[in-house]
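So you can see what is in the structure, the chains are spelled out below.
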Amino acid sequence: MASSTGPDGSSVSARLPEFPWDRLEPYKATAAAHDAGIVDLSVGTPVDPVPEVVRRALAGAADSPGYPTVWGTAALRDAITGWCERRLGARELTHRNVLPVVGSKEFVAWLPTQLGLGPGDRVAYPRLAYPTYEVGARLARAEPVVYDDPTELDPRGLRLLWLNSPSNPTGRVLDAELLTRTVAWAREHGVLLVSDECYLELGWETDPVSVLHPEVCGGSYEGVIAVHSLSKRSNLAGYRAAFAAGDPEVLMELLHIRKHGGMMVPAPVQAATVAALGDDEHVARQRDRYAARRASLRTALEARGFRIEHSEASLYLWATRDEPCWDTVGDLSKLGVLVAPGDFYGTAGERFVRVALTATDERVAEAVRRLES
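Model, not experiment: these values are computed from the prediction. (Residues numbered from 1 in each chain as written. Predicted model: local features only at pLDDT ≥ 70, side-chain atom pairs only at ≥ 80, totals over all residues. Heavy atoms only, no water.)

## A few points about the packing of helix α1 (residues 25–32) against helix α11 (residues 325–333)
Then step 1. At a minimum axis distance of 8 Å, the contact between α1 and α11 shows a crossing angle of 25°. By the angle class used here, α1 and α11 are roughly parallel. Where α1 abuts α11, its residues Tyr27, Thr30 and Ala31 lie against Trp326, Val329, Gly330 and Ser333.
Then step 2. A breakdown of the residues in the contact of α1 with α11 according to their chemical character gives four nonpolar, three polar and no charged. (Axes fitted to C-alpha atoms, helices over the stretch in contact; angles between N-to-C directions. Helix = DSSP H or I, 4+ residues; strand = E, 2+ residues; numbered from the N terminus. Parallel < 35°, antiparallel > 145°, perpendicular 65-115°, else oblique. Contact = heavy atoms within 4.5 Å. Nonpolar A, V, L, I, M, F, W, Y, C, P; charged D, E, K, R; others polar.)

Next up, the structure:
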């Protein structure tokens with residue numbers, strides 16, 4: 001049997017952190033034992049129906065016997081550039097400015113490797129962050145580095161800088177001034193800046209701004225890439241539909257690499273993506289669903305003694321009772337409510353929990369009833 005060890009004899013998996021969700025299983029079992037069933041607010045997976053306009057497009061492209069292309073159809077690239085211009089305010093995008101990807105997590109995890117990063121290179125990401133930024137650095141054998149203010153990083157050896165606005169897990173939104181300053185800093189030091197903007201359409205208390213907006217990037221996409229996903233805004237997590245947009249030199253290099261790796265979005269999913277990006281009505285309806293769930297959960301959590309920090313956007317409430325996060329997880333699991341411990345996202349989250357809005361209206365109402373009882 002072939003070995004999965006690296007050149008130094010260690011396994012590839014040994015380079016990675018413990019998969020965090022495995023640690024939640026005992027609490028999930030406790031919550032599932034509740035007489036009225038579990039209310040799972042831990043994982044942010046969509047539960048609402050895939051929009052009909054998207055399902056029709058998927059079905060219409062079902063007879064796709066040939067291989068799709070990594071770059072996608074011209075119609076897909078048109079849809080991506082058109083959406084970026086309409087929704088993000090980006091200007092003068094061409095097909096060379098966009099790249100379809102097989103879900104944003106895949107792109108995040110493998111970007112450092114596909115950029116050719118390795119030992120001696122550094123990858124920076126927020127102190128509280130989606131774990132896959134660190135995983136991507138470790139897969140490439142690069143050094144993961146956390147920051148509070150990206151412009152205070154030591155630029156030596158820094159090759160990739162991740163931003164995440166709106167943030168997962170906190171829901172924090174970076175304003176245009178901070179984004180502009182960070183783009184300028186990254187360009188000054190020759191650092192590729194990649195902004196994970198997958199929750200951009202879900203701003204509640206503010207309107208998130210993209211790094212592709214001309215007021216942020218100065219009308220140039222040099223050294224700047226934005227990553228977007230249709231998982232949350234269109235309930236397409238099961239489709240693995242996402243894309244990157246920005247610096248054409250970087251994206252065309254990635255395209256060449258990904259062609260060799262066969263990293264192709266399935267043809268029916270490409271057609272579904274075109275339909276999803278061309279229809280704003282289903283996004284507005286989904287926003288309304290999440291807004292209602294957010295309002296009721298926030299009220300119930302605050303009534304139970306929680307303080308909500310940030311959370312001005314995204315699909316989560318970042319909540320604390322100023323106690324260790326696992327104590328909170330355990331307490332809520334006895335109510336049959338499962339939430340994610342904040343230390344999944346870094347040690348700075350060890351006194352917080354992340355509460356997802358991704359449960360049905362009926363389950364959210366049940367969680368509210370239990371929290372308020």
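## Some remarks on the sheet that holds strand β6 (residues 192–196)
Then step 1. Strands sit in the order β2-β8-β7-β6-β5-β3-β4 across an open sheet of seven strands; the sheet is mixed. Looking at which strands have only one partner, the edges of the open sheet turn out to be β2 (98–101) and β4 (143–147). Going from strand to strand, the sheet's axes swing by 20° on average, the running direction of each strand aside.
Then step 2. Sheet analysis places β6 next to strand β7 (residues 224–229), joined by four bridges and oriented parallel. Across the sheet, Val194 pairs through a bridge with Ile225, a residue of β7. (Pairing = 2+ DSSP bridges.)

## Concerning the nonpolar core
Then step 1. Of all hydrophobic cores here, the largest spans 45 residues; its most connected members are Cys84, Leu153, Leu161, Val211, Leu212 and Tyr239.
Then step 2. Of all the secondary structure elements, the ones that give two or more residues to this core are α3 (74–88), β4, β5 (158–164), α6 (176–188), α7 (214–217), β7, β8 (242–246) and α9 (267–277).
Then step 3. Discounting residues that sit within four places of it in the chain, Leu153 has contacts with Ala124, Val145, Val146, Tyr147, Leu158, Leu161 and Trp185.
Then step 4. Tyr316, Cys325, Leu335 and Val364 belong to the second-largest nonpolar core, a separate cluster that totals 40 residues. (Core = buried A, V, L, I, M, F, W, Y, C linked by side-chain atoms within 4.5 Å. Buried < 20%, exposed > 50% of the residue type's maximum accessible area, 1.4 Å probe, protein only.)

## Examining the pairing of strand β10 (residues 316–320)
Then step 1. Among the five residues that make up β10, five are buried, leaving the element largely enclosed by the rest of the structure.
Then step 2. Neither face of β10 is exposed, since Tyr316, Trp318 and Thr320 on one face and Leu317 and Ala319 on the opposite face are all buried.
Then step 3. Note that strand β9 (residues 307–309) and β10 share three bridges and pair antiparallel. Considered in β10, the bridge of Glu309 is made with Trp318.
Then step 4. In this sheet, strand β13 (residues 353–356) lies alongside β10 in antiparallel orientation, the contact comprising four bridges. Following the sheet pairing, Trp318 is matched in β13 by Arg354.

## What to know about the pattern of salt bridges
Then step 1. Per the stated rule, a full pass over the model turns up 27 salt bridges.
Then step 2. Across the salt bridge formed by Arg23 and Asp343, the nearest N and O atoms sit 3.6 Å from each other. With Arg23 in the segment before α1 and Asp343 in the loop between β12 (340–341) and β13, this pair connects stretches of sequence that are 320 residues apart.
Then step 3. The partly exposed category is assigned to Asp343, whose relative accessible area is 23%.
Then step 4. For the salt bridge of Asp280 with Arg86, the shortest nitrogen-to-oxygen distance reads 3.0 Å. One end of the pair, Asp280, is in the loop between α9 and α10 (281–303); the other, Arg86, is in helix α3, and 194 residues separate them in sequence.
Then step 5. What emerges from the salt-bridge pattern is a single network uniting Arg87, Glu201, Asp207 and Arg233. (Salt bridge = Lys/Arg side-chain N within 4 Å of Asp/Glu carboxyl O.)

## Some details on the state of the cysteines
Then step 1. Using the criterion set out here, one finds zero disulfides in the structure.
Then step 2. Cys84 provides the cysteine sulfur closest to Cys217, a residue in no disulfide bond, and the two sulfurs are 11 Å apart. (Disulfide = S-S within 2.5 Å.)

## Description of unusual backbone geometry
Generally, phi is negative for residues other than glycine and the peptide bonds are trans, each holding for most cases.
Then step 1. Omega for the bond connecting Ser165 with Pro166 falls within 30 degrees of zero, at -5°, which places this linkage in the cis form.
Then step 2. With respect to the helices and strands, Pro166 occurs in the loop between β5 and α6.
Then step 3. The residue Arg141 is not glycine, and still its phi comes out positive at about 65°.
Then step 4. Along the chain, the position of Arg141 falls in the loop between α5 (132–139) and β4.
Then step 5. What makes Arg141 partly exposed here is its relative accessible area of 29%.
Then step 6. With a phi close to 55°, Arg240 is a non-glycine residue in the positive phi region.
Then step 7. Along the chain, Arg240 turns up in the loop between β7 and β8.

## Side note on the environment of Ile80
Then step 1. Here Ile80 is to be found in helix α3.
Then step 2. Given the relative accessible area of 1%, Ile80 is considered buried.
Then step 3. In this structure, Ile80 is in contact with Val98, Pro100, Phe243 and Leu277, ignoring residues within four places of it in sequence.

## What to know about α3
Turn by turn, an α-helix covers 3.6 residues, leaving residues three or four places apart pointing in a common direction.
Then step 1. Over its 15 residues, α3 extends 20 Å from the first C-alpha to the last, a length consistent with the 21 Å expected when each residue adds 1.5 Å.
Then step 2. The inward-facing, buried residues of α3 contact β2, β7, β8 and α9.
Then step 3. The first or second residue beyond α3 is Gly89, which carries a positive phi of 80°. (Expected span 1.5 Å × (residues − 1).)

## Examining the sheet that holds β12
The pairing of strands in a sheet happens through backbone hydrogen bonds and is either parallel or antiparallel.
Then step 1. The strand order across the open sheet built from four strands is β9-β10-β13-β12, with neighbouring strands paired in antiparallel fashion. Here the strands that pair on one side only, and so sit at the sheet edges, are β9 and β12.
Then step 2. Two elements, β12 and β13, share two bridges in a ladder whose sense is antiparallel. For Ala340, the partnering residue across the bridge sits in β13 and is Arg354.
Then step 3. In the packing of α10 onto the sheet, contacts are made with β9, β10 and β13, and the angle to β10 comes to roughly 5°.

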